[in-house]
Amino acid sequence: MRIGLALGGGGARGLAHIAILEAFDELGIKPAMIAGTSIGALVGAAYAAGMPASEIRLYCKAAFARRGALLRHLYFRWQGRFWDFWRPGSPALFKSERIFELVLPADLPKTFEALEIPFRSVAADFVTQSEYVSTSGPLLPAIAASAALPALLTPVQLDGHILIDGGFVNPLPFDLLTAHTDFCIAVDVSGGVSEERRGFPKPIETLLGAQQLALRSIVNAKLKFSAPDLLLRPAVGLFQVLDFRRMDEIFAASAQAKEQALRTLAGLLEGPRSPAQLLPADGKTL
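This report concerns the structure included in the present document. (Residues numbered from 1 in each chain as written. Predicted model: local features only at pLDDT ≥ 70, side-chain atom pairs only at ≥ 80, totals over all residues. Heavy atoms only, no water.)

A tally of helices and strands in the protein chain yields nine helices and 10 strands. Of all 286 residues assigned to the protein chain, the portion counted as buried reaches 50%. Nonlocal contacts in the protein chain, meaning residues at least 24 apart in sequence, comprise 75% of its contacts between residues at least 6 apart. Carbon and sulfur atoms form 57% of the exposed surface of the protein chain, whose accessible area is close to 13700 Å². (Helix = DSSP H or I, 4+ residues; strand = E, 2+ residues; numbered from the N terminus. Buried < 20%, exposed > 50% of the residue type's maximum accessible area, 1.4 Å probe, protein only. Contact = heavy atoms within 4.5 Å. Areas by Shrake-Rupley, 256 points an atom, 1.4 Å probe, with all protein chains shown as cover.)

So this is what it looks like as structure tokens:
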């Protein structure tokens, strides 16, 4: 049985994806194919490269968990000028490819072809207003494009296309996997109604919150017509797009979804064996 894993967009809420990947690792299973949008593309690419979920968690904690940690991370990784990744006064604060070159692990493969697991990254073509899926070629610009959230990150030019965050067209890309896998798991971190009371939102909070509202609406509309075999929705609605410092809280809120993933995957392992490709960590066929 070939298991497909779709990781959706949602900013810091997407740290919940790591908990689901830990479920795969704890059972010694690897997906046959991964598709990711925005934060899902970033986490998915690291996992497809062979980085264990536990290492992804530690890497993220070192980079994001404390105030100033990201700036220190950028300072020690960047050898050029500060202006090469920051664009003050422009429509977007940061240059997408530059910032992700510094944020992502330095040993991340350069191309899709070098990944251990087949991977699909979703972006939105700003000119044609359509989905753009990358499956081959340079990896960094593709995943940078998938996470290029307007107002924060610049669009990415790739293969003659101008690309922005894939959440605007396909925030939960399980449909890219169904034809290639036998069982599809989708992790939706688009949020939902929060029980946490907040004050009047600041302008950037309003902008990012509106984008996430649109993302959630697209996911809900899509699910009316088709659905993955297993839909996981970690309880991350109370977190905002940039709440990376609340990482431990996000992991705690993901515990129930992780348990659901563990139960489902364990059931698949115990079910009838098909001749092909439910792959454990050692690469052998079950």
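With that settled, the discussion passes to the pattern of salt bridges. For the structure on display, the rule yields 11 salt bridges. For the salt bridge of Lys-30 with Asp-25, the shortest nitrogen-to-oxygen distance reads 3.1 Å. Asp-25 gets classed as partly exposed once you look at its relative accessible area, which sits at 27%. In this structure, Arg-246 engages Asp-243 in a salt bridge whose closest nitrogen and oxygen atoms are separated by 3.5 Å. A single network of salt bridges, built from pairs that share partners, joins Glu-22, Glu-26, Arg-57 and Lys-258. (Salt bridge = Lys/Arg side-chain N within 4 Å of Asp/Glu carboxyl O.)

Most of strand β3 (residues 33–37) is tucked away: five of the five residues are buried. Neither face of β3 is open: one carries Met-33, Ala-35 and Thr-37, the other Ile-34 and Gly-36, and all of them are buried. As paired elements, strand β1 (residues 3–7) and β3 share four bridges and run parallel to each other. Bridge pairing links Ala-6 to Ala-35 in β3. In this sheet, strand β4 (residues 119–125) lies alongside β3 in parallel orientation, the contact comprising four bridges. Within β4, the position partnered with Ala-35 by the bridge is Arg-120. (Pairing = 2+ DSSP bridges.)

This part is about a nonpolar patch on the surface. Taken together, the side chains of Phe-126, Val-127 and Ile-162 define a hydrophobic patch exposed on the protein surface, amounting to about 300 Å² of accessible area. With respect to the element layout, Phe-126 can be found in the loop between β4 and β5 (130–134). For Phe-126, a relative accessible area of 56% gives the class exposed. (Patch = residues over 30% accessible without salt bridge, like charges linked within 9 Å, V, L, I, M, F, W, Y side chains within 5 Å.)

What follows concerns the side chain of Gln-211. Looking at the secondary structure, you find Gln-211 in helix α7 (residues 203–223). Exposure remark for Gln-211: the relative accessible area of 11% places this residue in the buried category. Residues contacting Gln-211, with those up to four places away along its chain left out, are Leu-149, Pro-150 and Phe-168.

Next up on the list: the packing of aromatic side chains. Evaluated as defined, the whole model comprises one aromatic pair. Above the ring of Phe-251, the side-chain terminus of Arg-57 is found at 3.9 Å from the ring centroid. The positively charged end of Lys-222 is found above the aromatic ring belonging to Phe-174, 4.3 Å away from the centroid. (Phe/Tyr/Trp six-rings, centres within 6.5 Å; stacked < 30°, edge-to-face > 60°. Lys NZ or Arg CZ within 6 Å of the ring centre and 35° of its normal.)

Excluding glycine, a negative phi dihedral is what most residues carry, and trans is how most peptide bonds are arranged. A positive phi angle, close to 55°, is found at Gln-129, a residue other than glycine. Mapped onto the secondary structure, Gln-129 falls in the loop between β4 and β5. A relative accessible area of 69% means that Gln-129 is categorised as exposed. Even without being glycine, Asp-159 reaches a positive phi, approximately 55°. Along the chain, Asp-159 falls in the loop between β6 (156–158) and β7 (161–165).

Now for the packing of helix α1 (residues 16–26) against helix α3 (residues 53–64). Across the interface, α1 lies against α3 with an axial gap of 8 Å and an inter-helix angle of 150°. When the axis of α1 is compared with that of α3, the two are roughly antiparallel. Of the residues in α3, those in contact with Ile-18, Leu-21, Glu-22 and Asp-25 of α1 are Ala-53, Ser-54, Ile-56, Arg-57 and Cys-60. Partitioned by chemical class, the residues of the contact of α1 with α3 number five nonpolar, one polar and three charged. (Axes fitted to C-alpha atoms, helices over the stretch in contact; angles between N-to-C directions. Parallel < 35°, antiparallel > 145°, perpendicular 65-115°, else oblique. Nonpolar A, V, L, I, M, F, W, Y, C, P; charged D, E, K, R; others polar.)

Further remarks concern the environment of Leu-27. Tracing the backbone through its elements, the reader meets Leu-27 in the loop between α1 and β2 (29–30). When the C-alpha positions of Leu-27 and Leu-265 are compared, they lie 7.8 Å apart, and in sequence the two are 238 residues distant. Discounting residues that sit within four places of it in the chain, Leu-27 has contacts with Leu-262, Leu-265, Ala-266 and Leu-269.

Moving on to the nonpolar core. Phe-24, Phe-119, Ile-143 and Ile-185 are the most contacted members of the largest nonpolar core, which totals 71 residues. Among residues more than four places away in sequence, those in contact with Phe-119 are Ile-34, Ala-35, Gly-36, Ala-41, Gly-44, Ala-45, Ala-48, Phe-112, Ser-134, Thr-135, Leu-139 and Ile-143. In terms of nonpolar packing, the next biggest core, distinct from the first, is built from 12 residues, Met-33, Phe-174, Leu-215 and Val-219 among them. (Core = buried A, V, L, I, M, F, W, Y, C linked by side-chain atoms within 4.5 Å.)

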